[in-house]
Number of protein chains: 2
Amino acid sequence: MKDIQLKSAAPADIERLSMETIAAEMPANDFTAEQLPVVMRCVHTSADFDYVKNLKFTENAVKRAVEAIKGGCTVVTDTQMAYSGVNKRVLERFGGKAVCFMSDPDVAAEAKKRGVTRAAVSMERAAAIEGSVILAVGNAPTALVRACELMDEGRFSPVLVIGAPVGFVNVVESKELLCSMGCDYIAAMGRKGGSNIAAAICNALIYSASGGARE
Amino acid sequence: MKDIQLKSAAPADIERLSMETIAAEMPANDFTAEQLPVVMRCVHTSADFDYVKNLKFTENAVKRAVEAIKGGCTVVTDTQMAYSGVNKRVLERFGGKAVCFMSDPDVAAEAKKRGVTRAAVSMERAAAIEGSVILAVGNAPTALVRACELMDEGRFSPVLVIGAPVGFVNVVESKELLCSMGCDYIAAMGRKGGSNIAAAICNALIYSASGGARE
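Residues numbered from 1 in each chain as written. Chains lettered and ligands numbered in written order. Predicted model: local features only at pLDDT ≥ 70, side-chain atom pairs only at ≥ 80, totals over all residues. Heavy atoms only, no water.

(A) Local environment of empty space enclosed by the protein. Applying the stated criterion across every chain, the model contains one cavity of 30 Å³ or more. Quantified by volume, the largest cavity comes out at close to 90 Å³. Lining the largest cavity are 14 residues, with A:S46, A:Y51, A:N196, B:S46 and B:N196 positioned closest to its centre. Counting only elements with at least two residues in the lining of the largest cavity, the list comes to α11 (195-209) of chain A together with α11 (195-209) of chain B. Classifying every residue of the lining of the largest cavity gives four nonpolar, six polar and four charged. (1 Å grid on protein atoms, 1.4 Å probe; cavity = no way out; pocket = protein on both sides within 12 Å on 5 of 7 lines; lining within 4 Å. Points joined across faces, edges and corners; volume = space filled by probe spheres on them. Helix = DSSP H or I, 4+ residues; strand = E, 2+ residues; numbered from the N terminus. Nonpolar A, V, L, I, M, F, W, Y, C, P; charged D, E, K, R; others polar.)

(B) Molecular detail of the sheet that holds strand β6 (residues 185-188) of chain B. All names here are of chain B. Across the sheet, six strands lie side by side as β1-β6-β5-β4-β2-β3; this open sheet has mixed pairing. Only two strands of the sheet have a single neighbouring strand rather than two, namely β1 (55-57) and β3 (97-100). Each strand axis lies, on average, 15 degrees off the axis of its neighbour in the sheet, ignoring direction. Relative to strand β4 (residues 133-137), strand β2 (residues 74-77) runs parallel, the two sharing four bridges. Of the residues in β4, the one forming a bridge with V76 is L135. (Pairing = 2+ DSSP bridges. Axes fitted to C-alpha atoms, helices over the stretch in contact; angles between N-to-C directions.)

(C) View of the relation of the copies chain B and chain A. Here chain B sits on chain A after a turn of 180 degrees about the axis and a move of 0.0 Å along it, with an RMSD of 0.0 Å. In symmetry terms, the pair is related by a two-fold rotation axis. Judged by C-alpha distance, B:M81 is the residue of chain B that lies nearest the rotation axis, at 2.5 Å. When the interface residues of chain B are mapped onto chain A, 100% of them again lie at the interface, so the same face is used by both copies. (Least-squares fit on C-alpha atoms with pLDDT ≥ 70 in both. Contact = heavy atoms within 4.5 Å.)

(D) Geometry of the interface of chain B and chain A. Between chain B and chain A, the residue contacts involve 45 residues of the former and 45 residues of the latter. Approximately 3800 Å² of surface area, both sides summed, lies buried where chain B meets chain A, with 68% of it carried by carbon and sulfur atoms. The largest contributions to the chain B side of the interface with chain A come from B:M1, B:M81 and B:F168, which together make up 20% of the buried area. For the pair chain B and chain A, the interface holds four salt bridges. A:E25 serves as the salt-bridge partner of B:R191, at 2.7 Å between the closest nitrogen and oxygen. Seen at the junction of chain B and chain A, the total is four residue pairs in polar contact (both at pLDDT 80 or more). Tallied by class, residues from the side of chain B that touches chain A come to 18 nonpolar, 17 polar and 10 charged. (Buried area = accessible area lost by both parts, 1.4 Å probe. Salt bridge = Lys/Arg side-chain N within 4 Å of Asp/Glu carboxyl O. Polar contact = N/O pair within 3.5 Å; in protein donor to acceptor, adjacent residues only side chain to side chain.)

(E) Spatial organisation of the sheet that holds strand β6 (residues 185-188) of chain A. Residue and element names in this part refer to chain A. Strand order in the open sheet made by the six strands is β1-β6-β5-β4-β2-β3, with mixed pairing throughout. Looking at which strands have only one partner, the edges of the open sheet turn out to be β1 (55-57) and β3 (97-100). Recorded for the sheet is a direction-independent mean angle of 15 degrees between the axes of neighbouring strands. Pairing analysis gives three bridges linking β1 to β6, with the strands arranged antiparallel. Considered in β6, the bridge of F57 is made with I186.

(F) Quick look at the packing of helix α7 (residues 105-114) of chain A against helix α8 (residues 118-127) of chain A. All names here are of chain A. Where α7 meets α8, the axes come as close as 8 Å, and the angle between the chain directions of the two elements is 120 degrees. Judged on the interaxial angle alone, α8 and α7 are oblique. As α7 packs across α8, the resulting crossing turns out to be right-handed. Counted together, D106, V107, A108, E110, A111 and R114 of α7 and R118, V121, S122, E124 and R125 of α8 form the full contact between these two elements. (Parallel < 35°, antiparallel > 145°, perpendicular 65-115°, else oblique. Left-handed = near helix turned anticlockwise from the far one by under 90°.)

(G) Examining the pattern of salt bridges more closely. Residues and elements named next belong to chain A. Considering all chains together, one arrives at 38 salt bridges over all chains under this definition. In this structure, R125 and D106 form a salt bridge, with 3.0 Å as the shortest nitrogen-oxygen distance. Taken together, the positions of R125 in helix α8 and D106 in helix α7 put the pair 19 residues apart, joining distant regions of the chain. Judged by its relative accessible area of 41%, D106 falls in the partly exposed class. (Buried < 20%, exposed > 50% of the residue type's maximum accessible area, 1.4 Å probe, protein only.)

(H) The arrangement of helix α1 (residues 11-25) of chain A in detail. All names here are of chain A. An ideal rise of 1.5 Å per residue puts 21 Å on 15 residues; α1 measures up with 21 Å between its terminal C-alpha atoms. Within α1, the full set of buried residues consists of I14, E15, S18, M19 and I22. Seen along its axis, α1 keeps its buried residues to an arc of 130 degrees; they face one direction. Looking at α1, the residues exposed on the side facing more than 90 degrees away from the buried face are A12 and A24. Buried residues along α1 sit against α2 (36-46). (Expected span 1.5 Å × (residues − 1). Arc of directions from axis to C-beta.)

If you want it as C-alpha cells, here you go:
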C-alpha cells in the first residue's frame, strides 16, 4: 500500500486546520464578522471559493436567524438530503426541530391530485407551521418560487429564507425573485447551490447560536 | 411580486433542458459514452464544470458497477446525506439496497471504545457485507483511507469505490491512495467532492442500469 502522510485524524483538529486553510486562501471580501462563518462553512462543504463571490445576505439575516434558532424555531428543508445534513441535535437543544415534507405520502397524493409539484405542496405545509420558520431551499426552484408566492399572498412569513437551489433551469430567476421579496434571506446567487450548501448555511447559523457547540 | 419568466415546471422537462445546457457548455474531454452520464450528473448536481476536469475513472469502473447494480448489490455511503440522495427505489427494484452505518449506535459505541473514528468502524461494517458492494465516500477521508487499508489486508473487495471526499485536510492524499490500490474506482480528484457528488455518481450508475427509469 502506498505510504501517504496524513495529518492528525482527530475530527476537531481537522475542522480547525480546514478553517485555517480557508481563512488563509479567502479572497478579499466585505462580509461582516457575523456573515463570515456562513461563507466559510459553504466553502468548507464544497471546497469551492466561488461561494465567496456568490453569497448575498440581507443586513439582519444572520442576527434574526440566530435569534430564531435560540428561540426554538423550525427549520424546513426542501430535500431529505438537506434535512439529513442539518445538525438536528443542537437545534433540538434550543427546543427547535428540522422538518422536510417532500417524502410525506399525503404531500405526494395532494400534488398528484392538484397537478402541482411536491415541492409546491411542501411549501404550503411550511406556511402552515406555527411559530418561527427558517426555510432552506437547496434544490428546487419550484419550491423557492412557491414560497415567494405564499409570502406575496401574506400566507407565509419565514424569519429567513435560504435560497440555494442549484442548476441550469429557473434557478437564477428563482433567486432573483427571492431578492426582490423584501424578506430576510441568505442566497447563493447564480447557478450554484445545492442541498449541501443549504445544510451548511443552516449549520453555520446553528453553531453561531450554540457558541460553536456541535453536540 | 416581481414578474419572472420561468420555463416549464414539469420535472422531466427541467431535467432534459438542464442536460441539454450542460452538453452545450461541456468543455472538450475524453470521456467514453459510458462515463459521460456520470460526469454530466456531477455537473447537474453542483453546477460546477470543474468536475469535467476532476473526475477520473478506471477503464471498467462503470461497466462493473452497472452489472453489480443489475445483480442487486449493496451501496454503502459514508454519510446520511449521501444515503438520502441515492435513488433507493430503483436500486431496490434490482434487489439491491443502500446502507449507511455512520449513525448506528453500536458503531458510535465501538468507535469510542477503540478510540477510532465512526467512519473507520463503518468501513469495517461495509467489509463484512455479503455479496457485491459499491462503496461511496463523499465526506470523510478517514473512511476512504480505512477502506483502502481493509482492501490492502484482503478483507474488503468492493466492486467499485467512489472516492469523493471534500475538503482541505487529508482529502487529496486519500484520493491518491485510492488510485494506487488497483481496485476499480470513480474519483473526484483534488479538494472537491461531497455527499451530493457521491450520491450523483451512484444515481448516474443506477440510471444507466435502469435504462433511465427513476421510479
